[in-house]
Amino acid sequence: MSKSLAVVGGGVIGLSVAARAARDGWSVHLYDPSVGSGASWVAGGMLAPLSEGWPGEHDLLELGAQSLARWPEFARSLPDDVFSSSGSLTVALDAADAADLRTIAEFVGAQGHELSVLGRAEIRELEPSLAQNIRLGLLAPTEFAVDNRLLVAALQKAAAGVEFVAEAVTDLDALDADQVVVAAGSHTAALLPGMPVRSVKGEILRLRRRSSAIPAPTRTIRGSVHGRPIYLVPRGDGLVVGATQYESGDDTQVTVAGVRDLIADAERLMPSIGEYELYETAAGLRPMSPDGLPVIGRISDRVIVASGHGRNGILLTPITADAVAALLAGDELPETKAADPARFEIGRTP
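Note that the structure is predicted; figures quoted are calculated from it, not measured.

What counts and how
- Residues numbered from 1 in each chain as written.
- Predicted model: local features only at pLDDT ≥ 70, side-chain atom pairs only at ≥ 80, totals over all residues.
- Heavy atoms only, no water.
- Helix = DSSP H or I, 4+ residues; strand = E, 2+ residues; numbered from the N terminus.
- Buried < 20%, exposed > 50% of the residue type's maximum accessible area, 1.4 Å probe, protein only.
- Areas by Shrake-Rupley, 256 points an atom, 1.4 Å probe, with all protein chains shown as cover.
- Lys, Arg positive; Asp, Glu negative; His and termini not counted.
- Charge placed at Lys NZ, Arg CZ, Asp CG, Glu CD.
- UniProt positions renumbered as here; feature names shortened; annotations may be inferred.
- Pairing = 2+ DSSP bridges.
- Axes fitted to C-alpha atoms, helices over the stretch in contact; angles between N-to-C directions.
- Contact = heavy atoms within 4.5 Å.
- Phe/Tyr/Trp six-rings, centres within 6.5 Å; stacked < 30°, edge-to-face > 60°.
- Lys NZ or Arg CZ within 6 Å of the ring centre and 35° of its normal.

Let us look at the overall build of the protein. Across its full length, the protein carries nine helices and 15 strands. Projected onto its principal axes, the C-alpha positions of the protein cover 65 × 40 × 35 Å. A buried classification covers 55% of the 350 residues belonging to the protein. Of the accessible surface of the protein, which amounts to about 15,100 Å², a share of 50% is contributed by carbon and sulfur atoms. Positive and negative charge centroids in the protein, built from 30 and 44 side chains respectively, lie 5 Å apart.

In this structure's numbering, the residues bearing the UniProt feature "domain: FAD dependent oxidoreductase" (unreviewed entry) are residues 5-327. Between the end C-alpha atoms of residues 5-327 there is a gap of 12 Å, over a span that is 30% helix and 29% strand.

Right, let's talk about the sheet that holds strand β14 (residues 295-298) for a bit. Pairing in this open sheet of six strands is mixed, and the strands run β7-β2-β1-β8-β15-β14 from one edge to the other. This sheet does not close on itself; its edge strands, each paired only once, are β7 (163-165) and β14. Taking the axes of each pair of neighbouring strands and ignoring which way they run, one obtains an average angle of 20 degrees across the sheet. Taken strand by strand, helix α1 (residues 12-23) contacts β1 (4-8), β2 (27-31), β7, β8 (179-182) and β15 (303-307), and its axis lies near 165 degrees from that of β2. Packed on one face of the sheet, helix α9 (residues 317-328) meets β1, β8, β14 and β15 and runs near 10 degrees to β14.

So, about the packing of aromatic side chains. Here the structure, examined in full by the defined rule, presents three aromatic pairs. An angle of 40 degrees between the planes, with centres 5.1 Å apart, marks the rings of F83 and F144 as tilted. Residue F83 is found in strand β4 (residues 83-92), and its partner F144 is found in strand β6 (residues 136-146); the two are separated by 61 residues along the sequence. Overall, the relative accessible area of 24% leaves F144 in the partly exposed class. Put simply, the rings of W71, F74, F83 and F144 touch in pairs and so form one group of aromatic residues. The lysine or arginine in question, R208, covers the ring of Y279, its NZ or CZ lying 3.8 Å from the ring centre.

Attention shifts here to the pairing of β2. The pairing of β1 with β2 spans five bridges and is parallel. Pairing of A6 across the sheet is with H29, part of β2. Here three bridges tie β2 to β7, and the two strands are oriented parallel to one another. Paired with Y31 across the bridge in β7 is V165.

Shown next, in the form of structure tokens:
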């Protein structure tokens, strides 16, 4: 008889783990009262580990790069196409940001990854809708973006044989399963006391291009305005604009200040964006760990945690599914060693 697995959490991490385990012969139950409705539903869908690289964050860069390399094969395993764009361009509006881009290019390039520094004329040629006063750009041609909502739907289809249970889990010991995977995102700490995963609120806007508006960029555009990160991600007939970041507990209300800042910052990168239709605002809770790396590994002979992915949940979905599959098979994935929960001195229990 096949072994039984309970997956707690129905975001992209839980769905991918459940789908993979079912293909590997496990009898899988996935517990979530509202599958795909949390941070996965609000995400921008950027797969951009290279352009976010920074000296001293080697583990995060390599974990993201390893997962990015897995994405094409992972996407081919899904029943629907989920990609929304290819290539990302990070831009600098002032001298300090331009210096930062050169630092990123030097650091990431030294790790063997492809990035190109672009001047104003090259930026205008690639993305004519961007502001003319942009000083410098950093092009990452191998980075992608995916439509997060198409991904959620595709993973649900891919989870053939998984039994979905529309219930919230409050006690892991009450689950009738040989193995348990906690992929509960911002709810992880409530299920695993002492697990240092906290909620960080992020707001996004979804815009639709009107017929009179200039076409959106074809690549993901990232930048910084007054120290606030801003990104524009192509999505079908428009853009996703994000994202604010607040340490605000479990608050998921969209604020006037958040919408104001996102629109103002987006206009600095793309002045014509004011012609677009604002048709949705949303906020989600990112599950963050203290060091920015996810928490993936065994905490007992029965329980595995896969959480704390922060802003990189969609990027890290393929490598997380591979890591959990390895753990369920009694092995480990070396590429996710830096994500081991043991780094927080969380001891394994029998």
